[in-house]
Amino acid sequence: MTTDPPSAPLSAIPALLVAVRAMDPSRVVAILDEAVGRHGIDLTVDEVVFPALRVVGTFWANGSLDLAHEHLLSSAVTRWVYARLERQEVRRGGRILLAAGPEDLHVLGLDCLELLLAVRGVEVCNLGGRVPPGSLVVAARSAGAAAVVVCSHNPTVTTQAVGAVRAVAQAGFPTYYAGSSFASQFVRQHSPGDPLDAPLSVSADLLVRRHTRAEARVAVPVRLDDAQQSA
């Protein structure tokens, strides 16, 4: 008796494209759930979600798909992320703050990073898009952030993104940045903090290792009479 070899995560992408062409967000969510069952959440995010987004973006750029298809996939992935976030429990100390740059509305990467951190038991404060530097610092202080991640995917607003990173770092918070706004070596030389260049699962592991800790579990004493009653 022979068994079929396990499929690679990328094998889910053709089915996703079919669902996107059919404008079927529920099918997109179902395919992602199936991928998690086969490959786990990390590989699904790193090797299914983002490759699919790149393929759809390429097809839109060359006219094979419409902008509506790209929006459909992004919206369905967001729906999938939020549904899975509701199932997670905080098991570690150390809150991670996430935010997009002051002029950036691209938040899907942040949402996926939030999910991977939440799966690891980390509490996350995700501020979403277009967060001004001053507001980012206020949020970091109010949240008692263990670390701050700033993401920006718009190279035309690099100056503003670097300003946000610098403001948080100068306020004394461990700071990380990601996205194409920080792609050039010149920008990186003038940006405090550390880049997150690795796949999201690796970046999540790094943040967990550096800035969170296992929560101490407090044992609840059992009274003798309670134990006897339950016997």
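Described below are features of the structure shown in this document. (Residues numbered from 1 in each chain as written. Predicted model: local features only at pLDDT ≥ 70, side-chain atom pairs only at ≥ 80, totals over all residues. Heavy atoms only, no water.)

Secondary structure assignment for the chain yields 10 helices and seven strands. Each principal axis of the C-alpha atoms in the chain carries an extent, and together these give about 75 × 60 × 30 Å. Residue pairs in contact within the chain that sit at least 24 positions apart in sequence constitute 75% of those at least 6 positions apart. With the model as given, the accessible surface of the chain reaches about 12200 Å², and the carbon-plus-sulfur share is 55%. Here the chain holds 20 positive side-chain charges and 22 negative ones, and the gap between their average locations is 4 Å. (Helix = DSSP H or I, 4+ residues; strand = E, 2+ residues; numbered from the N terminus. Contact = heavy atoms within 4.5 Å. Areas by Shrake-Rupley, 256 points an atom, 1.4 Å probe, with all protein chains shown as cover. Lys, Arg positive; Asp, Glu negative; His and termini not counted. Charge placed at Lys NZ, Arg CZ, Asp CG, Glu CD.)

Next up on the list: the environment of S201. Structurally, S201 is set in helix 9 (residues 200-211). Residues contacting S201, with those up to four places away along its chain left out, are D42, D46, L116 and R120.

Turning next to unusual backbone geometry. The phi dihedral of M23 is positive, around 55°, even though this residue is not glycine. Along the chain, M23 falls in the loop between helix 1 (13-21) and helix 2 (25-39). By relative accessible area, which is 39% here, M23 ends up partly exposed. (Buried < 20%, exposed > 50% of the residue type's maximum accessible area, 1.4 Å probe, protein only.)

Take the pattern of salt bridges next. Under the criterion given, the structure shown has eight salt bridges. Among the ionic pairs, R120 bridges to D42, the shortest N-O distance being 2.7 Å. One end of the pair, R120, is in the loop between helix 5 (108-119) and strand 3 (124-126); the other, D42, is in helix 3 (residues 41-61), and 78 residues separate them in sequence. Taking the relative accessible area as the measure of exposure, R120 reaches 14% and is therefore buried. E123 is paired through a salt bridge with R95; the nearest N and O atoms lie 3.0 Å apart. (Salt bridge = Lys/Arg side-chain N within 4 Å of Asp/Glu carboxyl O.)

Right, let's talk about the nonpolar core for a bit. The biggest cluster of nonpolar side chains holds 52 residues, and the ones touching the most others in it are V28, W80, L117 and L207. Among residues more than four places away in sequence, those in contact with L207 are I96, L113, L117, V149, Y176, L196 and T212. Grouped together as the second largest cluster of nonpolar side chains are 20 residues, L97, A99, V131 and V137 included. (Core = buried A, V, L, I, M, F, W, Y, C linked by side-chain atoms within 4.5 Å.)

Another aspect to go through is the environment of V90. One can find V90 in the loop between helix 4 (67-85) and strand 1 (92-93). Residues V90 and E114 lie 24 residues apart in sequence; the distance between their C-alpha atoms is 12 Å. Sequence-distant contacts of V90, defined by excluding residues within four places in its chain, comprise G121 and E123.

At a closest axis distance of 9 Å, the pairing of helix 5 and helix 9 adopts a crossing angle of 55°. Relative to helix 9, the element helix 5 is oriented oblique. Crossing angle aside, the handedness with which helix 5 passes helix 9 is right-handed. On the side of helix 5, the interface is formed by G109, C112, L113, L116 and L117, while helix 9 contributes L200, S201, A204, L207 and V208. Looking at side-chain class alone, the contact of helix 5 with helix 9 contains eight nonpolar, two polar and no charged residues. (Axes fitted to C-alpha atoms, helices over the stretch in contact; angles between N-to-C directions. Parallel < 35°, antiparallel > 145°, perpendicular 65-115°, else oblique. Left-handed = near helix turned anticlockwise from the far one by under 90°. Nonpolar A, V, L, I, M, F, W, Y, C, P; charged D, E, K, R; others polar.)

It is worth spelling out the side chain of S191 at this point. Tracing the chain through its elements places S191 in the loop between helix 8 (185-189) and strand 6 (194-195). A distance of 2.7 Å separates a polar side-chain atom of S191 from the backbone oxygen of V187. Not counting the four nearest positions on each side in its chain, S191 is found in contact with V162, Y177 and F182. (Polar contact = N/O pair within 3.5 Å; in protein donor to acceptor, adjacent residues only side chain to side chain.)

On to the sheet that holds strand 4 (residues 147-151), then. Strand order in the open sheet made by the five strands is 3-2-4-5-6, with parallel pairing throughout. Of all strands in the sheet, those with a lone pairing partner are strand 3 and strand 6, marking the two edges. In terms of strand pairing, strand 2 (residues 96-100) meets strand 3 through three bridges, oriented parallel. If you follow L97 over to strand 3, its bridge partner there is C125. This element, helix 9, spans strand 2, strand 4, strand 5 (175-178) and strand 6 of the sheet and lies at about 175° to strand 5. (Pairing = 2+ DSSP bridges.)

This paragraph deals with the packing of aromatic side chains. The tally for this structure, following the rule as stated, stands at one aromatic pair. Aromatic side chains Y177 and F182 sit 4.7 Å apart centroid to centroid with 35° between the ring planes, which places their arrangement in the tilted category. (Phe/Tyr/Trp six-rings, centres within 6.5 Å; stacked < 30°, edge-to-face > 60°.)

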